[in-house]
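Here is how the chains run, residue by residue.
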Amino acid sequence: MARLTTRGLLSGLAFLATTALLPLTTTAKPVCRDTSTKYEAESALLSGTEILTSLPGFSGTGYVGGFDTSTDKITFTVSSPTTRLYDLSIRYAGIYGDKKTTVVLNSGASTEVSLPSTDSWSTVSAGQVLLNEGENTLEVVNNWGWYLLDYILLTPSSSRPPHSITTSLVNPSSSPVTKQLYAYLRSIYGRKILSGQQDLVWANYLTTLTGKTPALVAVDLMDYSPSRVSYQGNISTAVEDAITHFTRGGIVSVLWHWNAPTGLFDTPENPWWSGFYTRATDFDLAATLANPTGTNYTLLIRDIDAIAYQLKRLQSAGVPVLWRPLHEAEGGWFWWGAKGPAAAKELYHILYDRLTNHHGLDNLIWVWNSVAKEWYPGGEVVDIVSTDVYAQGNGPMSVQYNELVELGNDKKMVAAAEVGAAPRPDLLVAYEAHWLWFCVWGDGFVNNGEWNGEGVLREIYNHDYVLTLDEIQDWKTIGAAQL
Ligand SMILES: [Ca+2]
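Everything numeric in this text was worked out from a predicted model, so none of it was measured.

## A short note on the overall build of the protein chain
Here is step 1: Helix and strand content of the protein chain: 13 helices and 21 strands.
Here is step 2: The C-alpha atoms of the protein chain give a radius of gyration of 24 Å, which matches the 23 Å a tight globule of 483 residues would have.
Here is step 3: When the backbone C-alpha atoms are referred to their principal axes, the protein chain occupies close to 70 × 50 × 40 Å.
Here is step 4: Counting only residues that meet the buried cut, the protein chain has 58% of its 483 residues in that class.
Here is step 5: If you take every contact in the protein chain between residues at least 6 apart in sequence, the share linking residues at least 24 apart comes to 73%.
Here is step 6: Approximately 18,800 Å² of the protein chain is accessible, and the part contributed by carbon and sulfur atoms is 52%.
Here is step 7: Considering the protein chain, the positive charge centre built from 32 side chains and the negative charge centre built from 48 side chains are found 6 Å apart.

Right under this line is the structure:
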C-alpha cells in the first residue's frame, strides 16, 4: 500500500527545511491535502551522526551518515495543521548492504523499516505516522546502522479503499462450522479486532488482570512433535486447552514449533527441546524433499501424521482452527525456513495436501505467517496472511499491515499472529490498520511492563474496538447468517 507519489515533488511544492535550532513556527507552513513535505536530514538535529557530501545525487546541501552506535540518530521536528495520518517515506543509500532503521514517533511507538541494499539513492516507504496538531518529533535511530540518509517525505494519507476479501475458504470441503467462523471473521474485518493470547494460562491471567477474557487463544502443538515425545512422553495439554476455550465460546488458533524429526544435536548449547531451531539440528529440509524415498522424508510425513492426529481430535470436538504452520519461515531461524523459500513453500504444500486430502481435515483455516513475496506459497492454499511483530510501544504495526494487504492483494484478511506488545486500539483506528486479531506471546511479554503495561492492557481489553470473549458468543450464529 505504498502511497508514495512523485506528483507532489513534480508539482513544485515548497520543501521545508527544518532545524531544531529554529522554532518550527518560523519555518512550518500549512500542509495542504495531496502535498508532500520534505525534511532534509542535514537540517535536522543530529546525535552521533554527521553530515556528508561525497556520494553524489543527494537533495539539499548534503546527507547524514555515521550510524555506528545504537544511540546514533537524527531527530526531525515536523508539523501538521491538524491531527492526521501521513505516509512517510525515506530517501537513503544502502551502499553497505541490506540494513534496517527504526523510526520513533514523538518518543513513543517505534517502527522498524527495512532499507534494502542499493547502489545509490533510493526511496522506501516507511509506513504511516499519526501526527498531532502542531509540532512532532520523528527520530530515525540506528538499528543495523551503516546507511546514508538524504531526507524524509511526509504526504497526507488517503483513506483506505474498501477491502475485497475472498468469500470462500481454499478448502472447498470445509466443514459448516469452519465456514461459519470464516464468515464471522469477514463480518468484523475492518470494523473490530479480536483480542488474542498465546496459551490458556495467560488468557486466564488477563481475565484476572483486566476483567475481560481474550476472544482468541492460541496453542502450540510443539510437545506433540514425535522427537519430543520420544524424550518426555506425551505431556501436552494443548488440544485440551483449545477445546476448553472453544467450549466457553472462544476462537482457537494453533501453531506448531515443529521439533525436527531427527538430527537433533542435543548438546548443552542446543538441547533436544530446542530442536525447532535451525541451530539445534542438522535436519536438512531441501535434501529431505529431494529424496522422497529416503528415511528422512518418511520421518517428515510421520510427524505430519502425528500432528494430524491432534488436529483430528479438535475436528471431532467441533473446533475450527486458525491453523498457522511453518511460522516465521522467512526468518530462517527455524529449520523449515533454513533452506530458503522454495523448500519452505514445498513443505507447506505437502502439509496442505496431506492434512486436507489424505487426512480429510475440514476444520482448518490456513494462516500463512511470512511477509516476503518470494516466500508466499500461493493464494490457492492460504486463507489468511499474518506476521509476527516484536516491537515495543504498543503501536499499530502499520508497515507490516500494509505489506500483508499487498501480499494478499487485499483478498486475504490480515492477522498479527504473534506480537510482543498489544496494539492500542485508538492507533489501529487512526492508522486504519485493520488487523483481524492480535495475539500476545506469553511469559516475558504479556506479564512484562516493558512490553505491556498493566494499565495499557486494561485499556485495550475494555476498549469498544476490541472484541473479547463475552462479545463474540454469537459468532456461529452471525457467521451462519452470512452464508
Ligand atoms: Ca539531503
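## Notes on the side chain of Q198
Here is step 1: Structurally, the position occupied by Q198 is in strand 13 (residues 196-198).
Here is step 2: Exposure remark for Q198: the relative accessible area of 1% places this residue in the buried category.
Here is step 3: Among the polar contacts listed, one links the side chain of Q198 to the side chain of D199, at a separation of 3.3 Å.
Here is step 4: At 3.3 Å, the side chain of Q198 forms a polar contact with the backbone oxygen of A218.
Here is step 5: The contact partners of Q198, leaving out residues within four places of it in the chain, are A218, V219, D220, L255, C439, V440, W441 and G442.

## Examining the packing of helix 5 (residues 238-247) against helix 7 (residues 295-316)
Here is step 1: Relative to each other, helix 5 and helix 7 sit at 20 degrees, their axes nearing to 10 Å. Our classification of the angle between helix 5 and helix 7 gives roughly parallel. Viewed along their axes, helix 5 and helix 7 form a crossing whose handedness is right-handed. Taking contact as the criterion, the partners of V239, E240, A242 and I243 in helix 5 are, on helix 7, Q310, R313 and L314.
Here is step 2: When grouped by side-chain class, the residues that make up the contact of helix 5 with helix 7 number four nonpolar, one polar and two charged.

## Overview of the coordination of the calcium ion
Here is step 1: The protein atoms that coordinate the calcium ion are E40 (OE), E42 (OE), E42 (OE), S59 (O), G62 (O), D150 (O) and D150 (OD), at distances spanning 2.2 to 2.9 Å.
Here is step 2: Here the donor residues of the calcium ion are spaced in sequence according to E-x1-E-x16-S-x2-G-x87-D. Placement of the pair is E42 in the loop between strand 1 (37-40) and strand 2 (45-47) and S59 in the loop between strand 3 (50-52) and strand 4 (63-65), with a sequence separation of 17 residues. The exposure classification of E42 matches that of S59, with both residues buried.

## What to know about the UniProt feature "active site" (unreviewed entry) in the protein chain
Here is step 1: Feature annotation in UniProt assigns "active site" (unreviewed entry) to the following positions: E328 and E418. Spanning 91 residues, the named residues nonetheless gather at one spot, since no C-alpha pair among them exceeds 10.0 Å.
Here is step 2: On the basis of relative accessibility, which here comes to 13%, the residue E328 falls in the buried class.
Here is step 3: The residues contacting E328, other than those within four sequence positions of it, are W333, F334, N369, S370, D388 and E418.

## Some words on a nonpolar patch on the surface
Here is step 1: A cluster of nonpolar side chains, I95, Y96 and W146, forms an exposed patch at the surface whose accessible area comes to about 320 Å².
Here is step 2: Along the polypeptide, W146 turns up in the loop between strand 10 (134-141) and strand 11 (148-156).

## Side note on the domain arrangement of the protein chain
Here is step 1: Assigned domains within the protein chain: domain 1 (7-156) and domain 2 (176-482).
Here is step 2: Once you take the C-alpha centre of each, domain 1 and domain 2 turn out to be 35 Å apart.
Here is step 3: Tallying the contact residues gives ten residues for domain 1 and ten residues for domain 2.
Here is step 4: If you look at where domain 1 meets domain 2, you find zero salt bridges.
Here is step 5: At the boundary of domain 1 and domain 2, one finds two residue pairs in polar contact (both at pLDDT 80 or more).
Here is step 6: Breaking the side of domain 1 that touches domain 2 down by element, the ones donating at least two residues are strand 8 (110-115) and strand 9 (121-131).
Here is step 7: If you tally residues by element for the side of domain 1 that touches domain 2, the top one is strand 9, at five residues.

## Some remarks on the sheet that holds strand 5 (residues 73-80)
Here is step 1: On the basis of which strands lie adjacent, the open sheet formed by five strands has the order 2-5-10-7-8 and antiparallel pairing. Looking along the sheet, the strands with just one partner apiece sit at the ends: strand 2 and strand 8. Each strand of the sheet is rotated relative to its neighbour by a mean of 25 degrees, with strand direction disregarded.
Here is step 2: When strand 7 (residues 99-105) meets strand 10, the two strands line up antiparallel, connected through four bridges. When the sheet's bridge partners are listed, L105 is paired in strand 10 with L138.

## Considerations on the nonpolar core
Here is step 1: Core analysis: the biggest nonpolar cluster contains 144 residues, and F76 and W323 have the highest contact counts within it.
Here is step 2: Two domains each provide a minimum of three residues to this core, namely domain 1 (7-156) and domain 2 (176-482).
Here is step 3: Beyond its immediate sequence surroundings of up to four residues, F76 is in contact with Y39, E40, A41, A44, N136, T137, L138, V140, L149 and I152.
Here is step 4: Judged by nonpolar contacts, the second largest core, of five residues, contains Y63, A93, W121 and L148.

## Things to note about the UniProt feature "domain: CBM6" (unreviewed entry) in the protein chain
Here is step 1: Following the UniProt record, the feature "domain: CBM6" (unreviewed entry) maps to residues 37-155 here.
Here is step 2: Split by type, residues 37-155 is 0% helix and 60% strand. Its first and last C-alpha atoms lie 7 Å apart.

## A few points about the confidence of the model for the protein chain
Here is step 1: Model confidence for the protein chain is summarised by a mean pLDDT of 92, while 93% of its residues fall at 70 or above.
Here is step 2: The low-confidence segment residues 1-33, where pLDDT is below 50, has 59 contacts with residues more than four positions distant or belonging to other chains.

## Description of the environment of T35
Here is step 1: By the element assignment, T35 lies in the loop between helix 1 (7-10) and strand 1.
Here is step 2: Relative accessible area serves as the criterion here: at 14%, T35 is assigned to the buried category.
Here is step 3: Counting along the chain gives 120 residues from T35 to T155, while the straight-line C-alpha distance between them is 5.9 Å.

Each value, and the rule that gives it
Residues numbered from 1 in each chain as written. Predicted model: local features only at pLDDT ≥ 70, side-chain atom pairs only at ≥ 80, totals over all residues. Heavy atoms only, no water. Helix = DSSP H or I, 4+ residues; strand = E, 2+ residues; numbered from the N terminus. Rg over C-alpha atoms; globule rule 2.2 N^0.38 Å. Buried < 20%, exposed > 50% of the residue type's maximum accessible area, 1.4 Å probe, protein only. Contact = heavy atoms within 4.5 Å. Areas by Shrake-Rupley, 256 points an atom, 1.4 Å probe, with all protein chains shown as cover. Lys, Arg positive; Asp, Glu negative; His and termini not counted. Charge placed at Lys NZ, Arg CZ, Asp CG, Glu CD. Polar contact = N/O pair within 3.5 Å; in protein donor to acceptor, adjacent residues only side chain to side chain. Axes fitted to C-alpha atoms, helices over the stretch in contact; angles between N-to-C directions. Parallel < 35°, antiparallel > 145°, perpendicular 65-115°, else oblique. Left-handed = near helix turned anticlockwise from the far one by under 90°. Nonpolar A, V, L, I, M, F, W, Y, C, P; charged D, E, K, R; others polar. Donors = N, O, S within 2.8 Å, 3.2 Å for Na, K, Ca; no water. UniProt positions renumbered as here; feature names shortened; annotations may be inferred. Patch = residues over 30% accessible without salt bridge, like charges linked within 9 Å, V, L, I, M, F, W, Y side chains within 5 Å. Salt bridge = Lys/Arg side-chain N within 4 Å of Asp/Glu carboxyl O. Domains from an automatic or database assignment. Pairing = 2+ DSSP bridges. Core = buried A, V, L, I, M, F, W, Y, C linked by side-chain atoms within 4.5 Å. pLDDT = per-residue confidence, 0-100.

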